[in-house]
Amino acid sequence: MTSETWLVAGLGNPGPGYAHNRHNVGQMAVDELAARIGGKFKTHSSRAQILEGRMGIGGPRLVLAKPMTYMNLSGGPVANLAKFFGIDPAHVIAVHDEIDIPFDTVKLKLGGGEGGHNGLRDISKALGTKDYLRVRVGVGRPPGRMETADYVLKDFSKDEKKSLPFLTDAAADAVEELVNHGLESALRKFHD
């Protein structure tokens, strides 16, 4: 594989019971990217579903991945795929839910802390570095005294579901901007 190959991991939990949870918005965004590229996900030995393709004709090569482990164990599949495809951590993009930014907001980040996100913590441990890209998809803070785990493991509200396609579309746009134009350009576009 060339240095132009990117691994885009949509984080979430496996199975239909979790499919529409806030915690699975990363996988929803990767599904949007898959629709743009075309093709079907296939099961890979790394315990992930993957789709290989290019962004546009002759564009950068992508490996879209949906780990089939629970969120807290995302690191193994992500690190195994990076090793299998020869992808440096600098070309790994984790797309994940983020409670510290408002719903309907997408933010980008390179490295840094995991903010209590166990999926990111496991990826950092498995890759041996925190220096990979993150597309942070805002799901907002839990209301009242609701536990964070209870909140992210619930489906989006009826009102949120109306805006959800726009949110996953924006997250997919952010991945495309990162891959095509780099972090600085993406930060200008998504951090106005």
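Residues numbered from 1 in each chain as written. Predicted model: local features only at pLDDT ≥ 70, side-chain atom pairs only at ≥ 80, totals over all residues. Heavy atoms only, no water.

Visitor: Provide a residue-level description of the overall build of the protein, including the pertinent values.
Guide: Secondary structure assignment for the protein yields 5 helices and 7 strands. Each helix (α) and strand (β) of the protein, taken in turn from the N terminus, gives the series β-α-β-β-β-α-β-β-α-β-α-α. Here the protein has a C-alpha radius of gyration of 15 Å; the compact-globule value for 192 residues is 16 Å, and the two agree. Principal axes of the C-alpha set define a box for the protein whose edges measure 50 × 35 × 30 Å. Within the protein, the fraction of its 192 residues that count as buried is 51%. Contacts in the protein between residues at least 24 apart in sequence constitute 70% of all its contacts with a sequence separation of at least 6. Of the side-chain charges in the protein, 24 are positive and 23 negative, and the distance between the mean point of each set is 4 Å. (Helix = DSSP H or I, 4+ residues; strand = E, 2+ residues; numbered from the N terminus. Rg over C-alpha atoms; globule rule 2.2 N^0.38 Å. Buried < 20%, exposed > 50% of the residue type's maximum accessible area, 1.4 Å probe, protein only. Contact = heavy atoms within 4.5 Å. Lys, Arg positive; Asp, Glu negative; His and termini not counted. Charge placed at Lys NZ, Arg CZ, Asp CG, Glu CD.)

Visitor: Lay out the layout of surface pockets in plain terms, naming residues and giving numbers.
Guide: Estimates place the volume of the largest pocket at around 240 Å³. Together, 14 residues line the largest pocket, and His23, Gly116, His117, Asn118 and Thr148 are the ones closest to its centre. At the level of secondary structure, the elements contributing two or more residues to the lining of the largest pocket comprise β5 (92–98) and α4 (148–152). Looking at the lining of the largest pocket, its residues break down into 4 nonpolar, 7 polar and 3 charged. (1 Å grid on protein atoms, 1.4 Å probe; cavity = no way out; pocket = protein on both sides within 12 Å on 5 of 7 lines; lining within 4 Å. Points joined across faces, edges and corners; volume = space filled by probe spheres on them. Nonpolar A, V, L, I, M, F, W, Y, C, P; charged D, E, K, R; others polar.)

Visitor: An account of the pairing of strand β1 (residues 5–10) is requested, with residue identities and associated values reported.
Guide: Two faces belong to every sheet, and in a regular strand the side chains alternate between them. When you tally the buried positions in β1, you get 6 out of 6 residues, the bulk of the element. Both faces of β1 are covered, namely the face carrying Thr5, Leu7 and Ala9 and the face carrying Trp6, Val8 and Gly10. Relative to strand β4 (residues 61–67), β1 runs parallel, the two being bridged by 5 bridges. When the sheet's bridge partners are listed, Thr5 is paired in β4 with Arg61. Pairing analysis gives 4 bridges linking β1 to β5, with the strands arranged parallel. (Pairing = 2+ DSSP bridges.)

Visitor: Break down the UniProt feature "binding site: tRNA" (unreviewed entry) in the protein for me, citing the residues and quoting the values.
Guide: UniProt feature "binding site: tRNA" (unreviewed entry): in the numbering of this structure it lies at Tyr18, Tyr70, Asn72 and Asn118. As for the largest pocket, its lining draws on Asn72 and Asn118 from among the annotated residues. Within the secondary structure, Tyr70 is located in the loop between β4 and α2 (75–85). With respect to the helices and strands, Asn72 occurs in the loop between β4 and α2. Filtering out sequence-adjacent residues up to four positions away, Asn72 remains in contact with Asn118, Gly119 and Asp122. (UniProt positions renumbered as here; feature names shortened; annotations may be inferred.)

Visitor: Help me get a handle on the packing of aromatic side chains, residues and values and all.
Guide: Taken as a whole, this structure holds 3 aromatic pairs when the rule is applied. On the basis of an interplanar angle of 80° and a centroid distance of 5.8 Å, the ring pair of Tyr18 and Tyr70 is categorised as edge-to-face. Placement of the pair is Tyr18 in the loop between β1 and α1 (25–37) and Tyr70 in the loop between β4 and α2, with a sequence separation of 52 residues. For the pair Phe103 and Phe156, a centre-to-centre distance of 5.8 Å together with 55° between the ring planes defines the contact as tilted. With Phe103 in the loop between β5 and β6 (106–110) and Phe156 in the loop between α4 and α5 (158–190), the pair connects residues that are 53 residues apart, well separated along the chain. The exposure classification of Phe103 matches that of Phe156, with both residues buried. Directly above the aromatic system of Phe41 lies the positively charged group of Lys66, at a separation of 4.3 Å from the ring centroid. Just above the ring of Tyr132 sits the side chain of Arg134; from NZ or CZ to the centre is 4.3 Å. (Phe/Tyr/Trp six-rings, centres within 6.5 Å; stacked < 30°, edge-to-face > 60°. Lys NZ or Arg CZ within 6 Å of the ring centre and 35° of its normal.)

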